[in-house]
Every structure is written in C-alpha cells, then in structure tokens.
Amino acid sequence: MVSPESVGVSSQRLDRMTSKLQGYIDNDLLAGTVSLLARDGKIVQLEPLGWKTVASREQMTDDTIFHIMSITKTVVSAGLMILFEEGHFRLNDPISQYIPEIADKKVLVNDVLGTRLEPLESPVTYRHVLTQTSGLDPDRDLLDEEQLALIPRLDTLEETILAWSSLPMGFQPGTQYNYGTSLDYVAFLIERISGMGLDEFLQERLFGPLQMNDTFYEVPEDKLHRVASVYQPTGPDNTLEIYRDPEYALTPVSGAAHYGGWAGIFSTAPDIWRFAQMLANGGELDGVRILSPTTVNLMISTHADYFLPAWGPGYKSGLGVGVLVDAGQARVPMSPGSFSHRGGWGTGMWIDPVEHMVGVFMTQLTSYRHINFRDEAVITAMQAITESYRNKPRKVMGFSIVD
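Rules of the game
Residues numbered from 1 in each chain as written. Predicted model: local features only at pLDDT ≥ 70, side-chain atom pairs only at ≥ 80, totals over all residues. Heavy atoms only, no water. Helix = DSSP H or I, 4+ residues; strand = E, 2+ residues; numbered from the N terminus. Rg over C-alpha atoms; globule rule 2.2 N^0.38 Å. Contact = heavy atoms within 4.5 Å. Areas by Shrake-Rupley, 256 points an atom, 1.4 Å probe, with all protein chains shown as cover. Lys, Arg positive; Asp, Glu negative; His and termini not counted. Charge placed at Lys NZ, Arg CZ, Asp CG, Glu CD. Pairing = 2+ DSSP bridges. 1 Å grid on protein atoms, 1.4 Å probe; cavity = no way out; pocket = protein on both sides within 12 Å on 5 of 7 lines; lining within 4 Å. Points joined across faces, edges and corners; volume = space filled by probe spheres on them. Nonpolar A, V, L, I, M, F, W, Y, C, P; charged D, E, K, R; others polar. Axes fitted to C-alpha atoms, helices over the stretch in contact; angles between N-to-C directions. Parallel < 35°, antiparallel > 145°, perpendicular 65-115°, else oblique. Left-handed = near helix turned anticlockwise from the far one by under 90°. Polar contact = N/O pair within 3.5 Å; in protein donor to acceptor, adjacent residues only side chain to side chain. Buried < 20%, exposed > 50% of the residue type's maximum accessible area, 1.4 Å probe, protein only. Arc of directions from axis to C-beta. Core = buried A, V, L, I, M, F, W, Y, C linked by side-chain atoms within 4.5 Å.

Describing the overall build of the protein
Within the protein, the secondary structure is distributed over 10 helices and 16 strands. Relative to the globule expectation of 22 Å for 403 residues, the C-alpha radius of gyration of the protein, 21 Å, shows essentially globular dimensions. Expressed as lengths along the three principal axes of its C-alpha atoms, the size of the protein is roughly 60 × 55 × 45 Å. Looking at the protein alone, contacts between residues at least 24 apart form 67% of all its contacts between residues at least 6 apart. When the accessible area of the protein is evaluated, it comes to approximately 16,600 Å², of which 48% is carbon and sulfur surface. Between the centroid of the 31 positive side chains of the protein and the centroid of its 50 negative side chains there is a distance of 7 Å.

Some words on the pairing of strand β6 (residues 114–119)
With six bridges connecting them, strand β5 (residues 106–111) and β6 associate as antiparallel partners. The residue of β6 that forms the bridge with L108 is L117. In textbook terms, the turn of a hairpin is the stretch between consecutive antiparallel strands, and for β5 and β6 this stretch comprises two residues.

Re the layout of surface pockets
Rolled over the atoms, a probe as big as a water molecule pinpoints where empty space is left. There is about 550 Å³ of room inside the largest pocket. A310, R331, R342, Y368 and R374 are, among the 19 residues lining the largest pocket, the residues nearest its centre. Residue assignment for the lining of the largest pocket shows that the elements contributing at least two residues are β14 (339–342) and α10 (373–382). For the lining of the largest pocket, the residue count by class is eight nonpolar, six polar and five charged. Approximately 320 Å³ is the volume found for the second largest pocket. For the second largest pocket, the lining is made up of 16 residues, of which T302, V325, G398, F399 and S400 are closest to its centre. Its residues placed into classes, the lining of the second largest pocket shows 10 nonpolar, five polar and one charged.

Some details on the packing of helix α1 (residues 11–26) against α10
Where α1 contacts α10, the axes come no closer than 8 Å and their chain directions differ by 165°. Taken as axis vectors, α1 and α10 run roughly antiparallel relative to one another. Between α1 and α10 lies a crossing whose hand is right-handed. When α1 is examined against α10, the residues R13, L14, R16, M17, K20, L21 and Y24 are found in contact with a partner set consisting of F373, E376, A377, T380 and A381. Per-class residue counts for the contact of α1 with α10 are seven nonpolar, one polar and four charged.

Things to note about the packing of helix α2 (residues 71–85) against helix α7 (residues 198–207)
Packing of α2 against α7 leaves a shortest axis separation of 10 Å and a crossing angle of 75°. Taken as axis vectors, α2 and α7 run roughly perpendicular relative to one another. Contact with α2, carried on its side by V75, V76, A78, G79, I82 and L83, involves L198, F201, L202, R205, L206 and F207 of α7 and no other residues of that element. Of the residues contributing to the contact of α2 with α7, the split by class is 10 nonpolar, one polar and one charged.

Side note on the side chain of T363
Residue placement: T363 occurs in the loop between β16 (357–362) and α10. Within polar-contact distance, the side chain of T363 engages the backbone oxygen of G32 at 2.7 Å.

Remarks on α7
Turning to α7, its buried residues are L198, F201, L202, L206 and F207. Viewed along the axis of α7, the buried residues span an arc of 150°, placing them on a single side of the element. Contacts from the buried residues of α7 go to α2, α6 (182–194) and α8 (269–280).

What about the environment of L365?
Of note, L365 is situated in the loop between β16 and α10. Exposure remark for L365: the relative accessible area of 1% places this residue in the buried category. Separated by 29 residues in sequence, L365 and P336 place their C-alpha atoms 29 Å apart. Non-local contacts of L365, meaning those with residues more than four positions away in its chain, are made with L29, L30, Y231, Q232, P233, L240, G344, W345, G346, I371 and F373.

Notes on the nonpolar core
The nonpolar side chains of soluble globular proteins are, as a tendency, buried together. The biggest cluster of nonpolar side chains holds 80 residues, and the ones touching the most others in it are L80, I95, L202, L206, F275 and L291. Once residues lying within four places of it in the same chain are set aside, the contact partners of L206 are V75, A78, G79, I82, F201, F275, M278 and I290. In terms of nonpolar packing, the next biggest core, distinct from the first, is built from 37 residues, L21, L308, M357 and V378 among them.

Overview of empty space enclosed by the protein
Enumeration over the complete set of coordinates arrives at three cavities of 30 Å³ or more. Reported here for the largest cavity is a volume of approximately 140 Å³. Broken down by secondary-structure element, the contributors of at least two residues to the lining of the largest cavity are β14, β15 (348–352) and α10. When grouped by side-chain class, the residues that make up the lining of the largest cavity number eight nonpolar, three polar and four charged.

Here's the deal with α10
In terms of burial, α10 is largely enclosed, as nine of its 10 residues are buried. Residues of α10 that are buried include every one of F373, R374, D375, E376, A377, V378, T380, A381 and M382, and no others. The elements touched by buried residues of α10 are α1, β1 (32–39), β14, β15 and β16.

This is the structure we're talking about:
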C-alpha cells in the first residue's frame, strides 16, 4: 500500500466514500463492506467497515470472503480466452464443435402467426456466449411443464448443460442481448476443451499463478470463519434480515459438484484486485503473464451493439465485461474505455485504463434497489483523483471500428 497522495489521489476526498458507506451501515441498510482502490498498480485504500455477521458482532476484515456472484462471469471468460490464445477456436466458430449436443437446437418463436419452432439462421458462436447474445435461454412462459422441469441446475455442470440441450432457444443467435446462462456454456467449453474440471482449470491457470489464495467454489472449513453472512432487506425501512449463514459456502452454490460460469466463486477484495490488476496491466501481474495485451484489448472491445441493463446507459458488451462507450450517458464518472462487472449480492469490480485506476467493492445484500451504494463507491473513488492521467499512455485499450 502507498499513500493516496503519492499517486495523485486525495486522502481527504476518499473519506467521502467511508462516510457514505458507514452511513448505510449505521442505518442498518448494509451489514458491512470492504472497499479497495488502487492506482498505478498500488493500493491506496483497503478499508473494511461494519460486520461480517451482525448478530455476533464479528467485525469485517480485509480478508473477509464473499460470494462474488456474477464477477464469476469475467473470471470464467478470462479462462476461456486462455484457451483461445492456445488456438483451440476462433471467436466466430460454432461452440457445437465442442458441445455437439446443442447443434440441432431450434428457436421457439411466438408472434401473430402463433407459437412454432424455427431452425437456426446461424450457429451459436464463442462470441455469442461471451457477450450473452447466444439466445440459448428459452422464454419460460412458452415452455410446458416437462420443459420447465429441466431448467433447475443439477449436481454437475455437465448434467445441467446436457439437460438444457433439449430445450428450445429464445431468439436467433446474435440478434438480442440476454443476461442469462450463456456463461455456463463458457464454463462448460473450458471443461470440454481442456479436459479438466472448471475448478481445477481455474486453480491451475488463474488462481494459483496470480496467488489468489482465498478464491474457490467451495470455501475450506478452516477459512469458514472469514465468510460474510448474506442479508436481505425487509420491512418498510428495508432493514437487514439474515438470508444465509456462512456455512452455505462449504459447498458449491449450484449443486453438489457444480462449478458454473453464471456465479459461484468465493473470494476476497485483495484476490479480486489481483485478477483485475492483471487485466489492467495487459494480462500480467508480478512477472506472471496470464494473457497477452492484445487479448485483453480484444476482451474490452465492443463485440455486441446492445444496451446492457445491468450496467445502465452508456455501456456495451465486451467479452465477459461491460465496456463504457459513452461517458456522457453513464451513471458513474469513469473514462470511455473503462470496463467492469458487478455481482448480484452487491459486489463490484471496475477498471479505468485512462486513469490507471482499479476498484473492488464487496458486500452481501440480496436486493438493493433502494440504495445506490455501488455507484456511490465509484463516484467517491473517482472524485478523489486530483491528478488526471488523461494525457498519459494507457496499458490496455479496446480496438476501435475503422471506417
């Protein structure tokens, strides 16, 4: 860690983030948080606030373990891009080359002409699943009871994907964006291509090399005391009620041995920072190279021209990340080209390559439409910058479309 002022950040201004988050904790709207902010690859803030478990008054710590939920999607996407670099596929290749069970899927259409199945106009590609434009999720309102029974995840990822293979698709690949199960197919592609279980592959190719020593799909029993409880808002004032005790983290969240791509990874703020800083550095951290800078640039380019509801205005889809393309429309003051992902229980990871800034935010709350803590964390982080790097070279940059 270094002083914020040594990298052009104001300590006094960073206190605004602390004050804002502590207010939510004092008003029983958040149990606790861990925020981490780095610039130039150096941590300027690592701050735990509040409680891991409110009832027992166990204080939040730097190394508290959280279910990162959908940040899993970015981690798994990076895993598939490792295999891309090894030449196993091209982004426009059909994923049926490794998952032939889905080759004959059809699209379930419902319009003025009625409900019917139509053949695929083009196959589902790697780019489609990485950008969540695959169409693999059917419209559940159009399914019969037998088909609906196939939707729940089973004990393994393979069992689940093979059960889904008989379901119709929701739309033609590449024609819409849907925040659904596409990243489970990304996870399964890793297993089929590598011949390894997803958890083993990520440990060998990502977590181990990056020294992400507190990152797993199931938390070891000797680290259970570090897991944050999960809370849900309740009543007219949205005060906290326990949703899950830490013991839930001992087994995979989706099934007995189900390691998926939609969610499921447990980690800490420092570990997710190591992953995010690797991306910010162009695929390398502490002398260990995971990806080429050209691959990271490819990941943070725009691959699908659709608005991303989970990010809000101004974002389009990269490969496993949301990319800010129109800062004038965005809810938070990051630079164009910034990229990020958020998790469903209040976690977040963002990288501003122009300002050389990496941020991680952790809490565990099931629903939070009544408070904007993640946007406020980004806003108070970015306003703490007192020396802009706008005219300095950047390490990563998405590719532009040339007219």
